[in-house]
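Architecture at a glance
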Amino acid sequence: MSVALIDTHCHLNFDGFDTDRDAVLERARLAGVTRIIIPAVDAETTEQALALAARESGIYAAAGIHPNDTAGCIDEETTRRAVDQIAALAVQPGIVAIGEIGLDYHWDTSPKEAQRRAFEAQLALAAERRLPVIIHNRDASDDVIAILEAWTRDLPPELRARPGVLHSFSASMAIAARALECGFYLGFTGPITYKNADNLRQIAARVPLDRILIETDAPFLTPTPHRGQRNEPAYVALVAERLATLCQIPLAVLADATTANAIRLFALPA
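How each quantity is defined
Residues numbered from 1 in each chain as written. Predicted model: local features only at pLDDT ≥ 70, side-chain atom pairs only at ≥ 80, totals over all residues. Heavy atoms only, no water. Helix = DSSP H or I, 4+ residues; strand = E, 2+ residues; numbered from the N terminus. Rg over C-alpha atoms; globule rule 2.2 N^0.38 Å. Buried < 20%, exposed > 50% of the residue type's maximum accessible area, 1.4 Å probe, protein only. Contact = heavy atoms within 4.5 Å. Areas by Shrake-Rupley, 256 points an atom, 1.4 Å probe, with all protein chains shown as cover. Lys, Arg positive; Asp, Glu negative; His and termini not counted. Charge placed at Lys NZ, Arg CZ, Asp CG, Glu CD. Expected span 1.5 Å × (residues − 1). Arc of directions from axis to C-beta. Axes fitted to C-alpha atoms, helices over the stretch in contact; angles between N-to-C directions. Parallel < 35°, antiparallel > 145°, perpendicular 65-115°, else oblique. Left-handed = near helix turned anticlockwise from the far one by under 90°. Nonpolar A, V, L, I, M, F, W, Y, C, P; charged D, E, K, R; others polar.

1. Observations regarding the overall build of the protein
When its secondary structure is counted, the protein shows 10 helices and 8 strands. The C-alpha atoms of the protein give 17 Å as radius of gyration, which agrees with the globular expectation for 270 residues (18 Å, within 12%). Projected onto the principal axes, the alpha-carbon positions of the protein cover approximately 55 × 40 × 35 Å. Going through the 270 residues of the protein one by one, you find that 59% of them count as buried. Nonlocal contacts in the protein, meaning residues at least 24 apart in sequence, comprise 73% of its contacts between residues at least 6 apart. As displayed, the protein has an accessible area near 11400 Å², and 51% of this comes from carbon and sulfur atoms. Of the charged side chains in the protein, 25 are positive and 35 negative; the average position of the first set lies 4 Å away from that of the second.

2. Looking at helix α9 (residues 236-247)
Between the first and last C-alpha of α9 there are 16 Å, a value that for 12 residues agrees with the 16 Å anticipated at 1.5 Å per step. Residues of α9 that are buried: Val236, Ala237, Val239, Ala240, Leu243, Ala244 and Cys247. The buried residues of α9 occupy an angular sector of 155 degrees when the element is viewed end-on, so they sit on one face. Looking at the packing, one finds that the buried side of α9 touches β1 (5-7), β2 (33-38), β7 (185-188), α8 (198-206), β8 (212-214) and α10 (251-266).

3. Topic: helix α3 (residues 76-89)
If you check α3, its first and last C-alpha atoms are 20 Å apart, about what 14 residues at 1.5 Å a residue would give, namely 20 Å. When α3 is considered as a whole, its buried residues turn out to be Thr78, Thr79, Ala82, Val83, Ile86, Ala87 and Leu89. Contacts from the buried residues of α3 go to α2 (43-55), β3 (59-63), β4 (95-104) and α4 (112-129).

4. Regarding the packing of helix α5 (residues 141-152) against helix α7 (residues 173-181)
α7 packs onto α5 with a crossing angle of 15 degrees between their chain directions and a minimal axis gap of 10 Å. When the interaxial angle is binned, α5 and α7 end up roughly parallel. Helix-helix and strand crossings are classified by hand; for α5 and α7 the assignment is left-handed. Residues Ser141, Asp142, Ile145, Ala146 and Glu149 of α5 lie in contact with α7, whose contacting residues are Ile175, Arg178 and Ala179. Its residues assigned to classes, the contact of α5 with α7 shows 4 nonpolar, 1 polar and 3 charged.

Okay, here's the thing in structure tokens:
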């Protein structure tokens, strides 16, 4: 069956794709992937994503500083300088979001205070520019959702219905419910295909269909049966197939819904 899919989170600019990026894009098209969103982890990768968006039709970029890249945000001044770089890039054609931003307490690469400082500054930037956010959360669910709840209370009306997505969702149903209450979408990746992910699959099956996004997070989080290999955007079809089964709906219905969701959230051309 031919369906149209959007991979809403793929690091296609990473050097793991340097030797065969064109072939990767061709396989994606053959798998029905019509559009790809490339999130950034810093100013340099924002520029790389923008370059790919300018070169390839159907590719869009996000601008942001990943929490693991915020160690230099040691005070208000250094944070302002870092976020100003992102702000300057965020006005470029092809930018559809601020991200990926958030908190990561799993890896000890950036102090929590620096992460939070950069996170809140970039949320302010997103509100100012009327752009949704792509949220990274690893082992920091309570802090992430509390910050997002406070942020969404004062959003401009045009952003309140599409504040952003909790990328590669892996938290509890309680966190999912709070995120949905704030208007967020939830993105699902390869782990929903893993044998030990029954709890995640139960959560995914309970998320309203109009709030689900599909992602690869390529080159990471490769779905079964390719686990252990490099992930790529064509494999978002495997995520879609598993979600359709979990939701007990035809793949075409899941594809249409997630595509419409991505168009709505990121204000993509219909």
